[in-house]
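A closer look at the structure
Okay, here's what each chain looks like letter by letter:
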There are 2 protein chains.
Amino acid sequence: MRAVIAQMPGPDVAARTKVQLRQADLTKPPGSLGRLEEIAEWLAAWQGRERPRCERPRVCVFAGAHGVAARGVSAYPTDVTRQMVRNFIAGGAAVNQLTVAIDGDLRVYEMDLANPVADFTQGPAMDETRCARAMAYGMMAAETGIDVLCLGEMGIANTTSAAALCLALFGGEAADWVGPGTGVVGAALARKVETVGLGVEHHRAISGDPLAVLAALGGEELAAIAGAILAARMGHIPVLLDGYACTAAAAVLHRIDPTALDHCLIAHRSAEPAHGALCARLGKQPLLDLGMRLGEASGAALAVSLLKAACACLDGMARFGEAGVSPRNPS
Amino acid sequence: MRAVIAQMPGPDVAARTKVQLRQADLTKPPGSLGRLEEIAEWLAAWQGRERPRCERPRVCVFAGAHGVAARGVSAYPTDVTRQMVRNFIAGGAAVNQLTVAIDGDLRVYEMDLANPVADFTQGPAMDETRCARAMAYGMMAAETGIDVLCLGEMGIANTTSAAALCLALFGGEAADWVGPGTGVVGAALARKVETVGLGVEHHRAISGDPLAVLAALGGEELAAIAGAILAARMGHIPVLLDGYACTAAAAVLHRIDPTALDHCLIAHRSAEPAHGALCARLGKQPLLDLGMRLGEASGAALAVSLLKAACACLDGMARFGEAGVSPRNPS
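Everything in this summary refers to the structure shown in the same document. Because the structure is a prediction, the values reported are computed rather than measured.

Scanning chain A from N- to C-terminus turns up 15 helices and 5 strands. Its C-alpha atoms give chain A a radius of gyration of 20 Å, near enough to 20 Å, the size a compact globule of 331 residues would have. Taken along the three principal axes of its C-alpha coordinates, chain A extends 70 × 40 × 35 Å. Taken across its 331 residues, chain A has 61% of its residues classed as buried. Pairs at least 24 residues apart make up 79% of the contacts formed inside chain A by residues separated by at least 6 positions. Carbon and sulfur atoms make up 51% of the accessible area of chain A, which totals about 11400 Å².

Right, let's talk about the pattern of salt bridges for a bit. Opposite charge on two side chains permits pairing when their charged atoms draw close. This structure, assessed with the given rule, holds 28 salt bridges over all chains. Of the charged contacts, one joins A:D105 and A:R58 as a salt bridge, the two residues approaching to 2.8 Å between their closest N and O atoms. Of the two residues, A:D105 is situated in strand β2 (residues 105–110) and A:R58 in strand β1 (residues 57–63); the sequence distance between them amounts to 47 residues. When its relative accessible area of 3% is taken as the criterion, A:R58 is described as buried. Where B:E37 meets B:K28, a salt bridge forms, and the shortest distance between an N and an O atom there is 3.0 Å.

Residue and element names in this part refer to chain A. Within β1, 7 of the 7 residues are buried, leaving the element largely enclosed by the surrounding structure. Residues P57, V59, V61 and A63 line one face of β1 and the alternating positions R58, C60 and F62 line the opposite face, and both faces are buried. In this sheet, strand β3 (residues 148–154) lies alongside β1 in parallel orientation, the contact comprising 7 bridges. The partner of V59 across the bridge, within β3, is C150. Where β1 meets β2, 6 bridges bridge the pair, whose relative direction is parallel. The residue of β2 that forms the bridge with A63 is E110.

In the structure shown here, the tally under the stated rule is 6 aromatic pairs over all chains. Members of the aromatic cluster, connected to one another through ring pairs, are A:F62, A:Y109 and A:Y137.

Moving on, we get to the environment of B:G145. Counting through the fold element by element, B:G145 comes out in the loop between α6 (128–139) and β3 (148–154). The exposure class of B:G145 is partly exposed, given its relative accessible area of 34%.

Now for the interface of chain B and chain A. Contacts between chain B and chain A engage 50 residues on the former and 50 residues on the latter. It is B:Y76, B:L290 and B:R328 in chain B that bury the most area against chain A; as a group they hold 14% of the surface buried on that side. Where chain B touches chain A, the interface holds 0 salt bridges. On inspection of chain B and its partner chain A, the count reaches 16 residue pairs in polar contact (both at pLDDT 80 or more). Those elements that provide at least two residues to the side of chain B that touches chain A are α3 (35–47), α4 (79–90), α5 (94–101), α14 (298–316) and α15 (320–323) of chain B. By residue number, the principal contributor to the side of chain B that touches chain A is α14(B), which donates 7 residues. Here the side of chain B that touches chain A is composed, by residue class, of 28 nonpolar, 18 polar and 4 charged.

Before going further, it helps to examine the layout of surface pockets. By volume, the largest pocket amounts to about 660 Å³. Forming the walls of the largest pocket are 28 residues, and the residues nearest its centre are A:A101, A:S305, A:K308, B:A101 and B:I102. Listed by contribution, the elements that provide at least two residues to the lining of the largest pocket are α5 (94–101) and α14 (298–316) of chain A together with α5 and α14 of chain B. For the lining of the largest pocket, the element with the most residues is α14(A), which contributes 8 residues. Looking at the lining of the largest pocket, its residues break down into 18 nonpolar, 3 polar and 7 charged.

A few words now on the sheet that holds strand β5 (residues 264–268) of chain A. Residues and elements named next belong to chain A. An order of β2-β1-β3-β4-β5 is seen for the 5 strands of this open sheet, with the pairing classed as parallel. At either margin of the open sheet sits one strand with a lone partner, and together these are β2 and β5. For this sheet, the mean inter-axis angle between neighbouring strands, taken without regard to orientation, is 25°. Two elements, strand β4 (residues 239–242) and β5, share 4 bridges in a ladder whose sense is parallel. Opposite V239, over in β5, you have C264 as the bridge partner.

The strands making up a sheet associate through hydrogen bonds between their backbones, and the pairing can be parallel or antiparallel. Residues and elements named next belong to chain B. Spatially, β2-β1-β3-β4-β5 is the arrangement adopted by the 5 strands of the open sheet, whose pairing is parallel. Strand pairing shows two members of the sheet lacking a second neighbour, β2 (105–110) and β5 (264–268), which therefore form its edges. Strand-to-strand twist across the sheet, computed as the mean angle between neighbouring axes with direction ignored, equals 25°.

Once that is clear, we can look at the environment of A:M317. Counting through the fold element by element, A:M317 comes out in the loop between α14 and α15 (320–323). For A:M317, a relative accessible area of 2% gives the class buried. The spacing of A:M317 and A:R22 is 295 residues in sequence and 10.0 Å in space, taken between C-alpha atoms. What A:M317 contacts, discounting residues up to four positions off in sequence, is A:R22, A:L26, A:T27, A:K28, A:L33, A:A312, A:E322, B:G92, B:A93, B:A94 and B:Q97.

About the cut-offs
Residues numbered from 1 in each chain as written. Chains lettered and ligands numbered in written order. Predicted model: local features only at pLDDT ≥ 70, side-chain atom pairs only at ≥ 80, totals over all residues. Heavy atoms only, no water. Helix = DSSP H or I, 4+ residues; strand = E, 2+ residues; numbered from the N terminus. Rg over C-alpha atoms; globule rule 2.2 N^0.38 Å. Buried < 20%, exposed > 50% of the residue type's maximum accessible area, 1.4 Å probe, protein only. Contact = heavy atoms within 4.5 Å. Areas by Shrake-Rupley, 256 points an atom, 1.4 Å probe, with all protein chains shown as cover. Salt bridge = Lys/Arg side-chain N within 4 Å of Asp/Glu carboxyl O. Pairing = 2+ DSSP bridges. Phe/Tyr/Trp six-rings, centres within 6.5 Å; stacked < 30°, edge-to-face > 60°. Buried area = accessible area lost by both parts, 1.4 Å probe. Polar contact = N/O pair within 3.5 Å; in protein donor to acceptor, adjacent residues only side chain to side chain. Nonpolar A, V, L, I, M, F, W, Y, C, P; charged D, E, K, R; others polar. 1 Å grid on protein atoms, 1.4 Å probe; cavity = no way out; pocket = protein on both sides within 12 Å on 5 of 7 lines; lining within 4 Å. Points joined across faces, edges and corners; volume = space filled by probe spheres on them. Axes fitted to C-alpha atoms, helices over the stretch in contact; angles between N-to-C directions.

Here is the structure:
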């Protein structure tokens, strides 16, 4: 994986510059479309197209099972992961509706749900081989022809895993990185904090090696997301990240190389309290802030409409000369 | 107009309650769709439908001409208002692309652009009759059959008018409410602050009467927006407000009756610095915050995709029982 990261392509500066020049000549005050202009430039840079597009978005939900769930850290029974996978396949989840709304293609990647990764307070969640296999599985999501890849997850107890990843990668106290997830409070929340602290302490020796941290404290769906991010970069596909668990998986790559996430935007700031701090660590401002905390790529799918709007403005707006609109007064 | 305001219908509490009950049973942790759930309840309450819809959004741009523009308070020449109206009609502006993206219906309401309202530092911008006529014209936007009304404006110098409205309605210093608008800096910005201060001082005697303030310091497009908001309320059409000038027009109604904007959401927090403070005065949190500062209903049109997503989730998601998904553990 390190070899893959070392060979990541950079942005297409020429395509980005052409978008910037075009945007400066569209019939609006300079910069007045705000982040829509930033989105158009970012899509151009990472698709390698001077006219970026967002007609073929793919929404991916990676589902994994966590041994640490047995410690009572979630508000839901562990069976819910498999039940929700069936719900995704039947079309009944939020992400199904949100994917239809953006005319997207929803893929559900079911990891080995019958064999949860180990409880990370007792030993590594995965050995290196299992983690690498999960990353390779995730890489399949980044197929040629996709305009943008929306990444998300489902996995009872995976905000516990995400909090442990963040604590190991960035330091601080367990309580800084732990939140209610699907809605734990009181004694269960205290167990969650304790579990995260125990897990990170148990694996302190490998905390300088982000890929080892991912194997020790992560889950298969989180490793798959890291793999999908890398494959998207190689395949010139910009990525929308969704929520706390998804961003924690991405953070593993950022700790290896701070430029590894330059082709990614964070779609939505989760209501999970630590997500804001995690986004700040990655130097990224989420596009949306709507108090959502569902995961399953819901925020990423929702933000695709902003990408479509950015492309529509870039493509369809008239220029000052052709529209007979006067440019600004000399200042 | 006061008679209209006194007769405004309230929310449909039964429809809202049915949405709340349905949302509690959808396959997601309670509240995890954040503001999408709030949007669905709000649409239900103000459309008076237990299954709200967002299939027929209308986007309205009201264009007006301001005498105060002659004082050099804008970065653009005054001809740009008429030029942009032609651009809207020809399909070349940002709002055209954003309206297509939401499958909406764009209407451009051209006020009397050949006869700008008077420079408010010299006397009232409009007399009472002209203001009332502009409000009545705006009321035509709220036709039966529309699911949501997006309101926006175009008018060189109208952020100067908006700042004067805010200063007269809420107090403070002129500089608190003045920003760069389309991009004024330095001496032009100082002239803008001075102009706002002079105008509000000139009309201090009527500052306790919000409708008189609207006539004295507003513009025809801002009065039309106030009219459209009232007519939408009477016609059970929820409203998305866009940007600083549009929100300032709405604030006039809020000063008459603090419940007058309960059927309105603010779509986007403008990069115009005073917009955040104005939203706070109205007790409203904008849905989007993307650094846009274009006006022309662009932020409102963009936010319609969130309303569509909220309706799609409410309509399409499976319930716990039917999907075979376990509800949360007893806490």
